[in-house]
Amino acid sequence: MQSQRGSKPYLTPKGRRKNKIQRDRDYRLRKRDGRRKLLENYKELEEALEEVKEKHSGIASLQEELSKVNAGAVKLAKKLLRDCKTVKGLRMAKKTLETEIQQLQQKILDDQLKDLDENQLVPESSKSKGIMEGSLIGEGTSLRLPPVVVNVEGFSVLKENSMIIQKILSQHPNIASGLQLKHPSSKSLVMNQLAEVYKTARQEKHTLEEIKRMETNIRDMEFVGLDVSWLKAMVVECQKVVELKEKVRRMKAELQLLEEASA
């Protein structure tokens, strides 16, 4: 039996069951697809939530680290403030100590100069001339005239040392730039000491005693601020020569003993 035009087609019971089965199948498919999409959305939400948790955890750790850094910065600032006060105090103490050291050095040198006998300022060459030059003979007594002192670029030195000091100052113009002595007599003593060491170092032959004496004098000159590094190098070379000669002498002595033993 055919249906009229414009109306729903007539379905047999079998056709209705078929349609119902198809509708049920479509419904189950749609439901399954919806559940799957819902699960996917849930997983995405869980992943997003984990990311948010991780970011929140990272922010919390950064905040904690920042608080630690701030605390450390506060401690460091306090320490720097204390250190600044300590450094300021140390600088003041150092300045005071340097002044006291300079005064002590000056006093020591002044005392040495006062105790220095006039014979120590007279060179050996003048002593060898006897009392005929610059002395008066009385009844068992002699009076020596004071040694001749000349001025070399502001330093009062013995006349026999003037050429040497002039040469040293021309070759080493900054030798006395760091000199800490203020008293003219102390400067005179040091410059004459410099000339004597220079003359000894320029000798052809030296002894170990002379080397030790020159080293001691150089340490004294360095102590008062005289730049004698070049003179120290000369003394080191002299010491090497003396040690080498001493070594050769010992070897010759040992060789002679061996020759005598084998004879």
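As the structure is a prediction and not an experimental result, all values here were calculated from the model.

Undergrad: Which residues make up the overall build of the protein chain, and what are the values?
TA: For the protein chain, the helix and strand inventory stands at seven helices and four strands. If you list the helices and strands of the protein chain from N to C, you get α-α-α-β-β-β-β-α-α-α-α. Here the protein chain, with 263 residues, has 18% of them falling under the buried criterion. For the protein chain, contacts bridging at least 24 residues in sequence account for 62% of all contacts bridging at least 6. Carbon and sulfur atoms provide 57% of the accessible area of the protein chain, an area that totals close to 21,200 Å².

Undergrad: Help me get a handle on the confidence of the model for the protein chain, residues and values and all.
TA: The share of residues in the protein chain with pLDDT of 70 or more is 78%, and the mean pLDDT across the chain is 77. For the stretch residues 116-143, pLDDT sits under 50, and the model shows 22 contacts to residues farther than four places along the chain or on other chains.

Undergrad: How would you summarise the pattern of salt bridges if you had to cite specific residues and measurements?
TA: Scanning the model with the defined rule gives seven salt bridges in all. Between Arg250 and Glu246 there is a salt bridge, with its nearest N and O atoms 3.9 Å apart. Taken together, the residues span about one helical turn, with Arg250 and Glu246 both in helix 7 (residues 229-262) at a distance of four residues. Residue classification places Arg250 among the partly exposed residues on the basis of a relative accessible area of 42%. Judged by its relative accessible area of 25%, Glu246 falls in the partly exposed class. One continuous salt-bridge network, built from bridges that share partners, spans Glu160, Glu196 and Lys199.

Undergrad: So what about the environment of Val197? Which residues, and what values?
TA: Tracing the backbone through its elements, the reader meets Val197 in helix 5 (residues 184-201). The sequence separation of Val197 and Glu215 amounts to 18 residues, and the corresponding C-alpha distance is 9.0 Å. Non-local contacts of Val197, meaning those with residues more than four positions away in its chain, are made with Met214, Asn217, Ile218, Met221 and Leu231.

Undergrad: Residues and numbers for the packing of helix 6 (residues 208-223) against helix 7, please.
TA: Axis separation between helix 6 and helix 7 bottoms out at 10 Å; the angle between their running directions is 165°. Judged by the inter-axis angle, helix 6 sits roughly antiparallel to helix 7. The way helix 6 lies across helix 7 gives a crossing that is left-handed. Counting all contacts with helix 6, which are made through Leu208, Ile211, Met214, Glu215, Ile218, Met221 and Glu222, the residues of helix 7 involved are Leu231, Lys232, Val235, Cys238, Gln239 and Val242. Classifying every residue of the contact of helix 6 with helix 7 gives nine nonpolar, one polar and three charged.

Undergrad: Please provide a residue-by-residue account of unusual backbone geometry, values included.
TA: In this structure, Glu153 takes a positive phi of about 50° despite not being glycine. Summarising the element assignment, Glu153 is placed in the loop between strand 3 (149-152) and strand 4 (155-158).

Undergrad: Tell me what's going on with the nonpolar core, and back it up with residues and numbers.
TA: Ile165, Ile175, Leu194, Met221, Leu226, Val228 and Leu231 are the most contacted members of the largest nonpolar core, which has 29 residues in total. Mapped by element, the contributors of at least two residues to this core are strand 4, helix 4 (159-171), helix 5, helix 6 and helix 7. Considering every element that reaches this core, the biggest residue donor is helix 5, with seven residues. Look past the residues within four positions of Val228 in its chain and what remains in contact with it is Ile175, Leu194, Ile218, Met221 and Glu222.

Undergrad: Any details on the pairing of strand 3? Residues and values, ideally.
TA: Note: strand 3 against strand 4, four bridges, orientation antiparallel. In the strand pairing of strand 4, Asn151 is matched with Ser156.

Undergrad: Which residues make up the packing of helix 5 against helix 6, and what values go with them?
TA: For any two helices packed against each other, the geometry is given by the interaxial angle and the distance between the axes. It is the contact of helix 5 with helix 6, at a shortest axis distance of 10 Å, that shows an interaxial angle of 150°. The crossing of helix 5 and helix 6 is left-handed. Contacts from Val190, Gln193, Leu194, Val197, Thr200 and Ala201 in helix 5 reach Glu210, Met214, Asn217, Ile218, Asp220 and Met221 in helix 6. Across the contact of helix 5 with helix 6, the residue classes break down as seven nonpolar, three polar and two charged.

Undergrad: Describe a negative patch on the surface, and please don't skip the residues or the numbers.
TA: On the surface, a cluster of negative charge is contributed by Glu40, Glu44, Glu46, Glu47, Glu50, Glu51 and Glu54. Mapped onto the elements of the fold, Glu54 is located in helix 1 (residues 13-115). The exposure class of Glu54 is exposed, given its relative accessible area of 57%.

The rules we used
Residues numbered from 1 in each chain as written. Predicted model: local features only at pLDDT ≥ 70, side-chain atom pairs only at ≥ 80, totals over all residues. Heavy atoms only, no water. Helix = DSSP H or I, 4+ residues; strand = E, 2+ residues; numbered from the N terminus. Buried < 20%, exposed > 50% of the residue type's maximum accessible area, 1.4 Å probe, protein only. Contact = heavy atoms within 4.5 Å. Areas by Shrake-Rupley, 256 points an atom, 1.4 Å probe, with all protein chains shown as cover. pLDDT = per-residue confidence, 0-100. Salt bridge = Lys/Arg side-chain N within 4 Å of Asp/Glu carboxyl O. Axes fitted to C-alpha atoms, helices over the stretch in contact; angles between N-to-C directions. Parallel < 35°, antiparallel > 145°, perpendicular 65-115°, else oblique. Left-handed = near helix turned anticlockwise from the far one by under 90°. Nonpolar A, V, L, I, M, F, W, Y, C, P; charged D, E, K, R; others polar. Core = buried A, V, L, I, M, F, W, Y, C linked by side-chain atoms within 4.5 Å. Pairing = 2+ DSSP bridges. Patch = residues over 30% accessible without salt bridge, like charges linked within 9 Å, V, L, I, M, F, W, Y side chains within 5 Å. Lys, Arg positive; Asp, Glu negative; His and termini not counted. Charge placed at Lys NZ, Arg CZ, Asp CG, Glu CD.

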